[in-house]
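Structural features, examined
Chain residues, written in single-letter form:
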Protein chains: 2
Amino acid sequence: MPDTQHADSVGLVCPQFRHFDTPLALDCGVTLPSYDLCYETYGELNAARDNAVLVCHALSGDAHAAGFHDPEQRKPGWWDNCIGPGKPLDTRRFFVVCSNNLGGCNGSTGPLSVRPGTTHRYGPDFPFVTVRDWVQSQARLADALGIERWAAVMGGSLGGMQVLQWAIDFPDRVRHAIVIAAAPRLSTQNIAFNEVARQAIRSDPDFHDGHYADHGVVPERGLRLARMLGHITYLSDDVLHSRFGRELKEGKIQFNFGVEFQIESYLRYQGESFVNRFDANTYLLMTKSLDYFDPAADFEGDLTRAVSRCTARFLVMSFSSDWRFSPKRSREIVRALLDNDLDVSYVDIESALGHDSFLLPIPQYHKVLGAYFSRIEVGA
Amino acid sequence: MPDTQHADSVGLVCPQFRHFDTPLALDCGVTLPSYDLCYETYGELNAARDNAVLVCHALSGDAHAAGFHDPEQRKPGWWDNCIGPGKPLDTRRFFVVCSNNLGGCNGSTGPLSVRPGTTHRYGPDFPFVTVRDWVQSQARLADALGIERWAAVMGGSLGGMQVLQWAIDFPDRVRHAIVIAAAPRLSTQNIAFNEVARQAIRSDPDFHDGHYADHGVVPERGLRLARMLGHITYLSDDVLHSRFGRELKEGKIQFNFGVEFQIESYLRYQGESFVNRFDANTYLLMTKSLDYFDPAADFEGDLTRAVSRCTARFLVMSFSSDWRFSPKRSREIVRALLDNDLDVSYVDIESALGHDSFLLPIPQYHKVLGAYFSRIEVGA
């Protein structure tokens with residue numbers, strides 16, 4: 001039986017598109033005259049319109065969070081293990097919405113889109129977008145879908161940052177905020193890794209200052225390096241050790257620059273497959289958005305004050321071996337929320353799998369998520 | 001008063017060269033017909049010839065460990081804070097030798113050298129060299145200098161690996177082995193970072209399969225990226241935070257791809273300055289040598305058996321915030337040595353400075369080193 005027909009799968013799904021022609025003033029000072037958002041929905045919005053959950057994606061994510069676009073699709077959406085009938089985010093109870101972020105490369109307006117009134121793509125001229133901009137654009141999508149208030153907004157990593165921003169910017173529109181494997185702002189080391197990834201892309205001769213499409217090329221070398229580097233930071237030292245160790249591809253040292261260790265093969269594969277599915281200009285924009293995110297900055301670095309207007313109930317989760325956004329970073333968020341006497345649950349999940357854990361069906365993790373969702377009240 | 005005349009400086013020093021024309025059979029199967037080693041010495045070999053200390057350099061090091069090559073030189077040798085009259089490695093008592101590793105790019109035979117019997121450089125055809133090969137070549141240098149037995153062999157990082165190999169391969173020639181911030185073999189994560197650095201260099205269009213010199217270019221982009229990445233792993237998250245935090249170069253977000261955060265400026269500077277002083281083919285060879293180092297491999301992964309022939313006394317040191325070669329890795333060495341009832345001192349130094357700590361004049365660290373050296377007996 002193909003996965004598309006599994007009882008716990010949302011099955012075949014179709015990306016939807018919504019055009020917005022009210023201009024959107026971005027943080028960077030540029031105003032987008034109009035834009036499209038690509039999104040998917042799973043489950044049904046109930047009559048009370050109080051069972052909608054917004055899922056926010058991370059750095060290289062898209063709107064395809066669950067199910068299959070066609071029966072031949074081998075891998076389901078990126079968070080399929082979490083979203084579906086009977087899964088932690090149970091689509092029999094909740095109406096789930098996931099949209100591709102503005103500036104993305106998977107359906108929403110971004111560098112690959114044709115600039116309104118012209119015949120050419122935005123390319124590197126697509127404006128910088130921030131987490132706050134994304135939340136604004138998602139709020140308009142909520143308006144369009146007739147969702148006044150989300151039962152929950154949920155996301156991991158960069159997605160978790162969007163959740164936090166939602167709770168700050170639209171306290172009346174978020175009942176529950178589920179912030180997973182996130183941080184209230186990047187550490188210096190996080191920014192440093194992003195900068196190396198950006199330089200890898202930008203220094204690739206095929207980048208052409210972002211106008212690579214005009215030259216019929218893609219900065220493959222740079223994208224590959226950026227993704228290889230990313231993957232090292234997504235996984236823990238321990239899981240790399242247990243999965244690959246020092247295992248040799250050919251059983252013995254070859255004394256050449258081919259693949260000697262299995263880990264090299266894994267990284268090269270990850271880099272290679274990314275090149276074919278992600279846009280370099282989008283990658284650059286997403287890493288900048290990560291760097292810029294810092295809701296406390298407007299409050300002299302005081303996160304407690306930054307979240308003082310929040311009214312949502314919070315579930316904050318981290319993973320023990322995550323060194324990209326370590327549990328310590330999640331606890332900074334928890335502390336600021338508690339300082340405001342907000343209702344906060346915090347769970348640090350024991351996992352050896354590093355930052356990637358948030359995407360994986362770790363039993364304890366999914367149990368906590370499922371239990372949390374089951375306690376969210378929804379109407380008929 | 002210029003540093004060259006400081007009482008605790010070894011002052012002006014001169015690189016020396018030694019030609020070896022006995023062929024050297026390398027681990028990779030290739031035999032080097034002849035080679036030169038560039039080395040420096042500080043202090044005087046005593047009449048008993050029992051006060052010589054070999055200093056082994058790390059990834060991007062060279063023979064210039066202390067003092068100045070000329071009075072105008074601004075920065076002294078790379079371990080000047082540790083080597084000199086009255087310093088931890090006191091040149092009034094010890095005769096210090098430091099050589100550039102074979103395959104290096106600072107005086108010893110390596111990719112930049114002209115291949116014997118030809119008129120062109122080795123370039124990418126220089127054979128792979130291992131830590132064991134380096135120790136063999138250093139042993140010949142010891143022979144040439146009339147040093148039968150080192151009072152101590154000492155090094156940090158990749159240098160520490162050479163120390164361990166010396167103690168294994170030449171138990172009769174090493175009285176004290178000082179292994180600092182090292183590991184008995186690279187972790188999977190270490191190899192992964194090396195692989196990204198190598199791919200950055202090798203995928204640079206200016207690399208030309210290593211024949212970049214023939215094209216009058218240098219794979220600058222790749223070298224820059226490799227070094228930027230390296231620097232992230234040399235420093236702890238904490239020290240990056242305290243030195244740079246999220247400090248902005250222009251005081252506010254610029255929304256462009258120039259330097260926004262000070263950490264970006266630091267990394268770009270480090271990358272840039274490396275391009276002008278290091279050879280890409282050498283960098284590749286050194287990272288492979290790191291990957292290959294694994295003395296336990298010949299003993300079914302049993303480090304205890306690998307060090308069973310050692311007779312040296314050991315000082316093993318690590319730094320609390322070093323995540324490249326964490327204290328845990330040093331303790332693996334310590335455990336294997338203790339299993340063999342060897343005389344081992346182990347000190348983990350509290351330092352926020354990460355892997356780089358081994359190069360820095362941290363008081364407690366230098367105190368331990370100095371005390372250890374002061375207890376090494378030497379003749380007249």
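As the structure is a computational prediction, the values presented were derived from the model and not from experiment. (Residues numbered from 1 in each chain as written. Chains lettered and ligands numbered in written order. Predicted model: local features only at pLDDT ≥ 70, side-chain atom pairs only at ≥ 80, totals over all residues. Heavy atoms only, no water.)

1. Quick word on the overall build of chain A
Going by this rule: Runs of H or I in DSSP of at least four residues are treated as helices and runs of E of at least two as strands, each being numbered from the N terminus. Computation of the radius of gyration draws on C-alpha atoms alone. For the globule rule, the value is 2.2 Å times the number of residues to the power 0.38. When accessible area is computed with a 1.4 Å probe and restricted to protein chains, residues below 20% of their type maximum are described as buried, those above 50% as exposed, and intermediate ones as partly exposed. It only takes one pair of heavy atoms within 4.5 Å for two residues to be counted as in contact.
A count of helical and extended segments in chain A gives ten helices and twelve strands. The globule rule puts the C-alpha radius of gyration for 380 residues at 21 Å, and the 21 Å found for chain A is close to it. Overall, chain A is about 65 × 55 × 50 Å in size when its C-alpha atoms are taken along their principal axes. Put simply, chain A has 380 residues, and 61% of those count as buried. The long-range share in chain A, meaning contacts at least 24 apart out of those at least 6 apart in sequence, stands at 71%.

2. Thoughts on the packing of helix α3 (residues 188–202) of chain A against helix α6 (residues 262–275) of chain B
Using the following cut-off: The convention used is that axes are lines fitted to C-alpha atoms, helices contributing only their stretch in contact, and that angles between N-to-C directions extend from 0 to 180 degrees. If an angle is under 35 degrees, it is roughly parallel; if it is over 145, roughly antiparallel; if it lies from 65 to 115, roughly perpendicular; otherwise it is oblique. By definition, turning the near helix anticlockwise from the far helix through less than a right angle yields a left-handed crossing, and turning it clockwise yields a right-handed one. Residues were grouped as follows: Ala, Val, Leu, Ile, Met, Phe, Trp, Tyr, Cys and Pro as nonpolar; Asp, Glu, Lys and Arg as charged; and all remaining residues, including Gly, as polar.
Contact geometry for α3(A) and α6(B): axes closest at 9 Å, N-to-C directions at 55 degrees. The angle between α3(A) and α6(B) falls in the class oblique. When you trace α3(A) past α6(B), the crossing you get is right-handed. Within the contact between the two elements, α3(A) uses A:T188, A:I191, A:A192, A:E195, A:V196, A:R198 and A:Q199 and α6(B) uses B:I263, B:E264, B:L267 and B:R268. Of the residues belonging to the contact of α3(A) with α6(B), the class tally is five nonpolar, two polar and four charged.

3. Section: the pairing of strand β12 (residues 344–349) of chain A
All names here are of chain A. Operational definition: Between any two strands, at least two bridges found by DSSP are needed for them to pair. Look down the strands so they point away from you; if going from the first strand over the helix to the second traces a clockwise path, that crossover is right-handed.
In the sheet, strand β11 (residues 313–319) pairs with β12 via six bridges, with the strands oriented parallel. If you follow V316 over to β12, its bridge partner there is Y346. Viewed along the sheet, the connection from β11 through helix α9 (residues 327–339) into β12 turns out right-handed.

4. Observations regarding the interface of chain A and chain B
Which entries qualify depends on this criterion: Buried area: the sum, over both parts, of the accessible surface (1.4 Å probe) that disappears when the two are put together. A carboxyl oxygen of Asp or Glu within 4 Å of a side-chain nitrogen of Lys or Arg is what we treat as a salt bridge. Under this definition, polar contacts are N or O atom pairs within 3.5 Å; protein pairs additionally need one hydrogen-donor-capable and one acceptor-capable atom, and for neighbouring residues in sequence, both atoms have to be side-chain atoms.
In this complex, chain A contributes 51 residues to the contact, which on the side of chain B involves 51 residues. With both sides pooled, the region where chain A packs onto chain B buries about 4,600 Å², and carbon together with sulfur makes up 68% of that total. Among the residues of chain A in contact with chain B, A:R246, A:F255 and A:F257 are the three that bury the most area, contributing 18% of the side total. In this assembly, chain A and chain B are joined by eight salt bridges. In this structure, A:E264 engages B:R198 in a salt bridge whose closest nitrogen and oxygen atoms are separated by 2.7 Å. Where chain A touches chain B, the interface holds 17 residue pairs in polar contact (both at pLDDT 80 or more). Among the elements of the structure, α3, α4 (220–234), α5 (237–243), α6 (262–275) and α7 (280–292) of chain A are those that each provide at least two residues to the side of chain A that touches chain B. Residue contributions to the side of chain A that touches chain B peak at eleven residues, all from α3(A). Looking at the side of chain A that touches chain B residue by residue, the class counts come to 25 nonpolar, ten polar and 16 charged.

5. So, the pattern of salt bridges
On inspection of all chains with the given rule, the structure shows 38 salt bridges over all chains. Through salt bridges that share partners, A:E195, A:R198, A:D291, B:E264 and B:R268 make up one connected network.

6. Focus on the sheet that holds strand β10 (residues 174–180) of chain A
All names here are of chain A. Ordered in space as β1-β4-β8-β5-β9-β10-β11-β12, the eight strands form an open sheet in which the pairing is mixed. With partners counted over all chains shown, the strands left at the sheet margins are β1 (16–20) and β12, one partner each. Between one strand axis and the next, the sheet turns through 20 degrees on average, direction left out of account. Sheet analysis places strand β4 (residues 35–42) next to strand β8 (residues 95–99), joined by four bridges and oriented antiparallel. Note that in β8 the partner of Y42 across the bridge is V96. Across the sheet, helix α2 (residues 158–169) touches β5 (52–56), β9 (150–156), β10 and β11, and the angle it forms with β9 is around 145 degrees.

7. A short note on α9(A)
Where we set the bar: Multiplying 1.5 Å by the helix residue count minus one yields the expected span of that helix.
The end-to-end C-alpha distance of α9(A), which contains 13 residues, comes to 18 Å, matching closely the 18 Å that a straight helix rising 1.5 Å per residue would cover. For α9(A), every residue scored as buried is listed here: A:P327, A:R329, A:S330, A:I333, A:V334, A:A336 and A:L337.

8. Comments concerning the relation of the copies chain A and chain B
We count it as follows: Our superposition of the copies is a least-squares fit, built on the C-alpha atoms of residues whose pLDDT is at least 70 in both.
Rotating chain A by 180 degrees and moving it 0.0 Å along the rotation axis overlays it on chain B with an RMSD of 0.0 Å. This pairing of chains is accounted for by a two-fold axis. Both copies contact each other with a shared surface, as 100% of the interface residues of chain A are interface residues in chain B too.

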